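# Understanding the architecture of this molecule
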Amino acid sequence: MSFRFKFFSWASSNFFDRQEQLSKFGLDGSAYATEDKAVDDRTIGHNPERLSLLKGGIVYSNAVVTVSPTYLKETLCSGWLSSALMRNRDKYSGILNGIDTEIWNPAKDVYLPAKFDASKTEGKRICKQFVQRGLGLPFEDIKYSICVADQVPLAICITRLVAQKGLHLITHAIKRIEELGGQMVVLGRASDGRVEREFEDLAELHKQGSNIRILLMYSEELSHMLYAAAAEHV
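Residues numbered from 1 in each chain as written. Predicted model: local features only at pLDDT ≥ 70, side-chain atom pairs only at ≥ 80, totals over all residues. Heavy atoms only, no water.

Each helix and strand in the protein was counted, giving 9 helices and 9 strands. Of all 234 residues assigned to the protein, the portion counted as buried reaches 41%. As displayed, the protein has an accessible area near 14100 Å², and 54% of this comes from carbon and sulfur atoms. (Helix = DSSP H or I, 4+ residues; strand = E, 2+ residues; numbered from the N terminus. Buried < 20%, exposed > 50% of the residue type's maximum accessible area, 1.4 Å probe, protein only. Areas by Shrake-Rupley, 256 points an atom, 1.4 Å probe, with all protein chains shown as cover.)

Here we take up the confidence of the model for the protein. Confidence in the prediction for the protein averages 84 pLDDT; 85% of positions are at 70 or higher. A low-confidence stretch, residues 1-16 stays under pLDDT 50, and its non-local contacts, those more than four residues away or across chains, total 51 contacts. (pLDDT = per-residue confidence, 0-100. Contact = heavy atoms within 4.5 Å.)

Here we take up the environment of Leu53. Turning to its location among the elements, Leu53 is positioned in helix H2 (residues 53-60). Judged by its relative accessible area of 40%, Leu53 is partly exposed. Leu53 sits 13 residues away from Asp40 along the chain, and the two C-alpha atoms are 8.6 Å apart.

What follows deals with the sheet that holds strand E7 (residues 154-158). Sheet architecture is open: 3 strands sit in the order E7-E8-E9, paired in parallel fashion. Each edge of the open sheet is held by one strand with a lone partner, namely E7 and strand E9 (212-215). Averaged over all pairs of adjacent strands, the angle between their axes in this sheet comes to 10°, without regard to strand direction. Across 5 bridges, E7 lies against strand E8 (residues 183-187) in parallel orientation. Residue pairing across strands places Leu154 opposite Gln183, the latter belonging to E8. (Pairing = 2+ DSSP bridges. Axes fitted to C-alpha atoms, helices over the stretch in contact; angles between N-to-C directions.)

Time to look at helix H8 (residues 193-205). Between its first and last C-alpha, H8 extends 18 Å over 13 residues, near the 18 Å set by a 1.5 Å rise per residue. Taken together, the buried positions of H8 are occupied by Val195, Phe199, Leu202 and Ala203. Projection of H8 onto a plane perpendicular to its axis shows the buried side chains occupying an angular sector of 100°, all on one side. Opposite the buried face of H8, by more than 90 degrees, sit the exposed residues Arg194, Arg197, Asp201, Glu204 and Leu205. The secondary structure elements touched by the buried residues of H8 are helix H7 (167-179) and E9. At the N-terminal boundary of H8, the capping side chain belongs to Asp192, with an oxygen 3.0 Å from the backbone nitrogen of Arg194. (Expected span 1.5 Å × (residues − 1). Arc of directions from axis to C-beta. Polar contact = N/O pair within 3.5 Å; in protein donor to acceptor, adjacent residues only side chain to side chain.)

On to a negative patch on the surface, then. Where like charges cluster on the molecular surface, the negative patch consists of Asp192, Glu196, Glu200, Asp201 and Glu204. Mapped onto the elements of the fold, Glu204 is located in helix H8. You can call Glu204 exposed: its relative accessible area is 52%. (Patch = residues over 30% accessible without salt bridge, like charges linked within 9 Å, V, L, I, M, F, W, Y side chains within 5 Å. Salt bridge = Lys/Arg side-chain N within 4 Å of Asp/Glu carboxyl O. Lys, Arg positive; Asp, Glu negative; His and termini not counted. Charge placed at Lys NZ, Arg CZ, Asp CG, Glu CD.)

Turning next to the packing of helix H5 (residues 122-134) against helix H9 (residues 220-229). Two elements in contact, H5 and H9, have axes separated by 8 Å at closest approach and are oriented at 125°. Taken together, H5 and H9 sit at an angle that is classed as oblique. The two elements H5 and H9 meet at a crossing, and its hand is left-handed. Where H5 approaches H9, its residues Lys124, Cys127, Lys128, Phe130 and Val131 are matched on the opposing element by Met225, Leu226, Tyr227, Ala228 and Ala229. By residue class, the composition of the contact of H5 with H9 is 8 nonpolar, no polar and 2 charged. (Parallel < 35°, antiparallel > 145°, perpendicular 65-115°, else oblique. Left-handed = near helix turned anticlockwise from the far one by under 90°. Nonpolar A, V, L, I, M, F, W, Y, C, P; charged D, E, K, R; others polar.)

Tallied over the entire structure, the rule returns 2 aromatic pairs. For the ring pair Tyr32 and Tyr60, a centre distance of 5.5 Å and an interplane angle of 80° mean the geometry is edge-to-face. Taken as a pair, Tyr32 in the loop between helix H1 (19-22) and strand E2 (50-52) and Tyr60 in helix H2 lie far apart in primary sequence, 28 residues in all. Judged by its relative accessible area of 15%, Tyr32 falls in the buried class. Look at Trp104 and Tyr227: their rings are 5.2 Å apart centre to centre, the planes differ by 85°, and that puts the pair in the edge-to-face class. Note that Trp104 is positioned in the loop between strand E4 (92-94) and H5 and Tyr227 in helix H9, a separation of 123 residues in sequence. (Phe/Tyr/Trp six-rings, centres within 6.5 Å; stacked < 30°, edge-to-face > 60°.)

Moving on: the packing of H7 against H8. Where H7 contacts H8, the two axes come as close as 13 Å, and the packing angle between them is 5°. Between H7 and H8, the interaxial angle falls into the category roughly parallel. Residues Leu167, Ile170, Thr171 and Ile174 of H7 touch H8, and the partners they reach there are Val195, Glu198, Phe199 and Leu202.

With that out of the way, let us pick up the pairing of E8. Burial within E8 is extensive, with 5 of its 5 residues counted as buried. Where burial is concerned, the two faces of E8 agree: the one with Gln183, Val185 and Leu187 and the one with Met184 and Val186 are both buried. Since E7 and E8 lie parallel, the crossover through H7 that links them has a hand, and here it is right-handed. Pairing between E8 and E9: 4 bridges, direction parallel. From the neighbouring strand, Val185 faces E9, where its bridge partner is Arg213. In this region the chain leaves E8, passes through H8 and returns to the parallel neighbour E9; the handedness of that crossover is right-handed. (Right-handed = clockwise from strand over helix to strand, strands pointing away.)

Given below as structure tokens:
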């Protein structure tokens, strides 16, 4: 038996079963009831019939991946699955999350109104102005005839609006950036009704005459433009 198993975090570690329950799927539970296969390390000696599907997945998979090389090292040194992961170290790897640098290369990106790179940055300025105008953010100070786009940093937050993303940090950033006179755009969807209502209220509050825009949606094209427009340093 061989399959690809993706190991995300300890949050998945509560999946377990008893030997007899595996038989319902045509598997001989007793064949997996050893410490080097699927016996739950947390119950050795006092509940040997308990099997860990997560541990079994690690043992019988072709490859096991986690969210970063650093987290891989942490899981090898601590936690109830560390011994199983260590025994299967040869197929365990950490893949750092990140963007595809080809698809998101601003020198080639088909979604951008202007292209740019590290040596020619004028296109980034154009992208920023494009976003500011499109979202109705303050763009120029008529009284002093200055371009706000050149003076005000633009912070971008593109994320799923879920608890794991640190919603309190996002709302704090919105408030703090506004206090400091910066601009911020939040792009994302909320799967929880309560969270969605909270951000709908924030979106309505900042709908006009504000340096903040909250867009409860997903847009591939807009994501590319926002990344291109974002301040390099905030």
